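Summary of the model geometry
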Amino acid sequence: MITSGGPSLAIAALDDAGLARARDVSSALSLPLLHEPAIPRHETDYALLLLVTDQGLGLQVTGRKAPGPVRCEFVRGKAGYRRDHGGGTGQLVAKAVGLKKTRRTLHVLDATAGLGEDAYVLAGLGCRLTLMERSPIVRALLEDGLGRAAEDPGAGPVVARMTVRPGDSIRWLEEQHEPVADVIYLDPMFPETAKAAKAKKEMALFRELVGNDDDAPALLAAALDVARYRVVVKRPRLAPPIDGPVPDLQLTGKSSRFDVYTHQKLPEGPAE
Ligand SMILES: C[S@@+](CC[C@H](N)C(=O)[O-])C[C@H]1O[C@@H](n2cnc3c(N)ncnc32)[C@H](O)[C@@H]1O
């Protein structure tokens, strides 16, 4: 099975306990199910397996030397640590969205949600998030991570502020005629460089699955039409801005940069 020109992908359960869920995922995503539990990763012709394990869904590259599966994880590891010790509204992404300037609860539309890492940071700082992700596979991983996090006392209240809306955000934004969110946040795939190709395994997998997001200029144009206060675009530190208007502000960090397109000043006080 080839996913729209991308890598071949199948669903597999690692043990009998996961088979029922694997069947559901397989029919929801119309992907083949490998029935045998504990498929050896190197004994399949599929490039990727979506594994159902007792720790949730994981996207696994096949092959003898492949690293472990990529999961959407909001409870343990980096996401949980950053939620508790991440630097609050002093973080660059928070400044870019405007959290330092307002005491309002901002509604942010993350129109390129991926595995929801950036959205989770913003939800952890009190924003209400709508997440759009067009890849059904990535969205399945995201929804699985959100589901597991909802059960956790630390992550639960944060993910309660995050709602997934399926579909392509360009098409959806182009159909809107009123502001859809206070801030629209975009993080399309970075242009590929040799260094990036060796970078995070999540990104390498993502690129195989979702492509290069070459339609980012159309996404920016659509977002600019229906953001109430601003559009924020995450870019590699030295990359040019996305084709389109010149950003009003650029906030540059160690590896990435936030290009901010401002429509109007954020209100300072709380909502009346
Ligand atoms: C670089 S990843 C985003 C990572 C994310 N910011 C995070 O923190 O996990 C880009 C994602 O945006 C999605 N995407 C790109 N264009 C999109 C569109 N027009 N509508 C919905 N999703 C889109 C891709 O499928 C991909 O999963």
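Quick note: structure is the one above.
In this report, the structure presented in the accompanying data block is examined. (Residues numbered from 1 in each chain as written. Predicted model: local features only at pLDDT ≥ 70, side-chain atom pairs only at ≥ 80, totals over all residues. Heavy atoms only, no water.)

**Some points on the environment of Ser27**
For Ser27, the position within the fold is in helix 1 (residues 19-29). In this structure the C-alpha to C-alpha distance between Ser27 and Ile11, which are 16 residues apart in sequence, comes to 9.8 Å. (Helix = DSSP H or I, 4+ residues; strand = E, 2+ residues; numbered from the N terminus.)

**A closer look at helix 5 (residues 136-150)**
Compared with the 21 Å implied by 1.5 Å per residue over 15 residues, the 21 Å span of helix 5 between its first and last C-alpha is a close match. Listing the buried residues of helix 5 in full gives Ile137, Val138, Arg139, Ala140, Leu141, Leu142, Asp144, Gly145, Leu146 and Ala149. (Expected span 1.5 Å × (residues − 1). Buried < 20%, exposed > 50% of the residue type's maximum accessible area, 1.4 Å probe, protein only.)

**Quick word on the pattern of salt bridges**
Per the stated rule, a full pass over the model turns up 12 salt bridges. For Arg21, the salt bridge is made with Asp144, and the minimal N-O distance between the two is 3.0 Å. Here Arg21, found in helix 1, pairs with Asp144, found in helix 5; they are 123 residues apart in sequence, far enough to count as distant. The buried category is assigned to Asp144, whose relative accessible area is 7%. (Salt bridge = Lys/Arg side-chain N within 4 Å of Asp/Glu carboxyl O.)

**Examining the site of the ligand**
Looking at the ligand, there are 21 residues lining it, with Asp118, Glu133, Asp168, Ser169 and Asp187 nearest. Take Gly116: an N or O atom from its main chain is 3.2 Å from an oxygen atom of the ligand. A distance of 3.1 Å separates a nitrogen atom of the ligand from a polar backbone atom of Arg134. When the free accessible area of the ligand is taken as 610 Å², the share hidden by the protein chains comes to 97%. Looking at the shell around the ligand, the elements that each hand over two or more residues are helix 4 (117-124), strand 6 (128-133), helix 7 (169-174) and helix 9 (201-210). Counting residues per element, the shell around the ligand draws most heavily on helix 9, at 3 residues. (Near = heavy atom within 4 Å. Polar contact = N/O pair within 3.5 Å; in protein donor to acceptor, adjacent residues only side chain to side chain. Areas by Shrake-Rupley, 256 points an atom, 1.4 Å probe, with all protein chains shown as cover.)

Spatial relationships are all this shows, so hold off on functional conclusions.
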